[in-house]
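If you want the building blocks of each chain, they are given just below.
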Amino acid sequence: MLGKLCKLLRTCGIDASYSNEGMAILLDARREQRVILTRNTHLRDKKDVCFLELSDPREQLENVIEHFKLRKEIHLFSRCIECNAELESVSKTSVKGKVPYFTYKNFQQFAQCPQCGRVYWKGSHYKKMLEEIKYVIKQENSK
Ligand SMILES: [Zn+2]
């Protein structure tokens, strides 16, 4: 239900695990000492659960960052959007053949996920994500 929010949190570099497993999530969260964010009404009144009223992912992101005081934790594009692992900077030559030729030619900085191997660079996807979280980030700067 909150897949989009999860990706936005990871884009901000915030450690976010994702699960669709309903009640089983309670055990995992307790073991990993995580707070559960949910829109699942069955989980609403459980301990350590934060029920999100808003349905817009950007508003959810803003709320979560406010509520848990995560502004200082924001490190943009430091985490893999897919698997939550922290990205490592890698040399340009090491990504040769792993990214489109155009990308290789036009970008100098690359980061890679040690878990899934996905390569990141500040291309159009980066700009699109930045656009999505801009509102939240802007507020950070104004404070
Ligand atoms: Zn990954």
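For the structure itself, consult the block above.
Residues numbered from 1 in each chain as written. Predicted model: local features only at pLDDT ≥ 70, side-chain atom pairs only at ≥ 80, totals over all residues.

Colleague: Whenever I open this one, the overall build of the chain confuses me. Can you help?
Modeller: When helices and strands are tallied, the chain shows 5 helices and 5 strands. Scanning the chain from its N terminus toward the C terminus, one meets helices and strands in the order α-α-β-β-α-β-α-β-β-α. By principal-axis analysis of the C-alpha atoms, the chain measures approximately 50 × 35 × 20 Å. Burial analysis of the chain (143 residues in total) assigns 19% to the buried set. In the chain, of all internal contacts separated by at least 6 residues, the share reaching a separation of at least 24 is 50%. (Helix = DSSP H or I, 4+ residues; strand = E, 2+ residues; numbered from the N terminus. Buried ≥ 20, exposed ≤ 12 C-beta atoms within 10 Å, placed from the backbone. Contact = placed C-beta atoms within 7 Å.)

Colleague: Looking at this structure, how should I read the nonpolar core?
Modeller: Across soluble globular proteins, you tend to see nonpolar side chains buried next to one another. In terms of nonpolar packing, the biggest core is built from 17 residues, with L5, L8, L9 and L61 touching the most fellow members. Broken down by secondary-structure element, the contributors of at least two residues to this core are helix 1 (3-11), helix 2 (24-31), strand 1 (36-38), helix 3 (57-67) and helix 5 (124-142). The greatest single-element share of this core, amounting to 4 residues, is contributed by helix 1. Leaving out residues up to four positions away in the same chain, L9 has contacts with I14, A16 and L61. Counting residues in hydrophobic clusters, the runner-up holds 5 residues, among them C80, F110, Y120 and W121. (Core = buried A, V, L, I, M, F, W, Y, C linked by C-beta atoms within 7 Å.)

Colleague: How should the packing of helix 1 against helix 3 be read in this particular structure?
Modeller: Two measures define how a pair of helices packs: the angle their axes make with one another and the distance between the axes. With their axes 9 Å apart at the nearest point, helix 1 and helix 3 run at an angle of 55 degrees to one another. If you check the angle between helix 1 and helix 3, you find them oblique. Here helix 1 runs over helix 3; the crossing is right-handed. Where helix 1 abuts helix 3, its residues K4, L5, L8 and L9 lie against P57, Q60 and L61. For the contact of helix 1 with helix 3, a count of residues per class yields 5 nonpolar, 1 polar and 1 charged. (Axes fitted to C-alpha atoms, helices over the stretch in contact; angles between N-to-C directions. Parallel < 35°, antiparallel > 145°, perpendicular 65-115°, else oblique. Left-handed = near helix turned anticlockwise from the far one by under 90°. Nonpolar A, V, L, I, M, F, W, Y, C, P; charged D, E, K, R; others polar.)

Colleague: Could you clarify how one ought to interpret unusual backbone geometry in this entry?
Modeller: The bulk of non-glycine residues show a negative phi, and the bulk of peptide bonds are trans. Residue Q33 is not a glycine yet carries a positive backbone phi of 55 degrees. Along the chain, the position of Q33 falls in the loop between helix 2 and strand 1. Judged by the 7 C-beta atoms lying within 10 Å of it, Q33 is exposed.

Colleague: Would you mind going over the sheet that holds strand 5 (residues 119-120) with me for this structure?
Modeller: Either a parallel or an antiparallel arrangement is found when strands of a sheet pair, and the pairing is made through backbone hydrogen bonds. Spatially, the 3 strands line up as an open sheet ordered 3-4-5, and their pairing is antiparallel. Only two strands of the sheet have a single partner each, and these edge strands are strand 3 (88-90) and strand 5. By the bridge criterion, 2 bridges tie strand 4 (residues 110-112) to strand 5 in an arrangement that is antiparallel. When the sheet's bridge partners are listed, Q112 is paired in strand 5 with V119. (Pairing = 2+ DSSP bridges.)

In short, shape yes, function no, at least from these values alone.
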